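What the coordinates show
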Amino acid sequence: MAIEINQTVKILFEVKIDGVVVDGSRSKKPFEFNYGVGQLIPGLEKRIVNMKAGEAAEILVPAAEAYGEYDENAVQTLPLAQFDDIADLKIGMQVQGEDEDGQPIQFTVKEITATTVTIDLNHPLAGKDIEYKIKIDSLI
């Protein structure tokens, strides 16, 4: 039987970015999720829909169907004073904040000068194609 919407699916997987393994079922314990409710990136969900328990595949999900294309407009330079409440601000640091509407956002610090901080609001994996090696462990 193929995967159905809202069905519990257990998978074993390995994730590669630029040919380097960055995540996976290291403990050999399957990752469990409900299919079709947004718990996986859209491109992966779309590519496993016809798989059955026991089936394995190597899947490439293009950036546009994963975390999106990299958007240069999502890089902003702000006054350093806006970051006074963050101790030990460093380049590469991932920071949780709020936008002007009070909504939570996450960004990466790209550059710090004597007066400014450049932040990147893109997801850290934006612009990256993602390679998966996946095996459907079970469908519940």
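Owing to the predicted nature of the structure, the values given are computational and were not obtained by experimental measurement.

Rules used in this analysis
- Residues numbered from 1 in each chain as written.
- Predicted model: local features only at pLDDT ≥ 70, side-chain atom pairs only at ≥ 80, totals over all residues.
- Heavy atoms only, no water.
- Salt bridge = Lys/Arg side-chain N within 4 Å of Asp/Glu carboxyl O.
- Helix = DSSP H or I, 4+ residues; strand = E, 2+ residues; numbered from the N terminus.
- Pairing = 2+ DSSP bridges.
- Axes fitted to C-alpha atoms, helices over the stretch in contact; angles between N-to-C directions.

**Thoughts on the pattern of salt bridges**
On inspection of all chains with the given rule, the structure shows five salt bridges. Residues Lys110 and Asp120 are paired through a salt bridge, measuring 4.0 Å at the closest nitrogen-oxygen approach. Of this pair, Lys110 sits in strand β7 (residues 104–112) while Asp120 sits in strand β8 (residues 116–120), placing them ten residues apart in sequence. The network of salt bridges with common partners includes Lys46, Arg47 and Glu65.

**Overview of the sheet that holds strand β5 (residues 75–79)**
The four strands are arranged β5-β8-β7-β6 in an open sheet whose pairing can be described as antiparallel. Looking along the sheet, the strands with just one partner apiece sit at the ends: β5 and β6 (94–98). Across the sheet, the mean angle from the axis of one strand to that of its neighbour is 45°, orientation sign disregarded. Of the strand pairs in this sheet, β7 and β8 are connected by four bridges, and their pairing is antiparallel. Each bridged residue has a counterpart across the sheet, and for Val109 the counterpart in β8 is Ile119.

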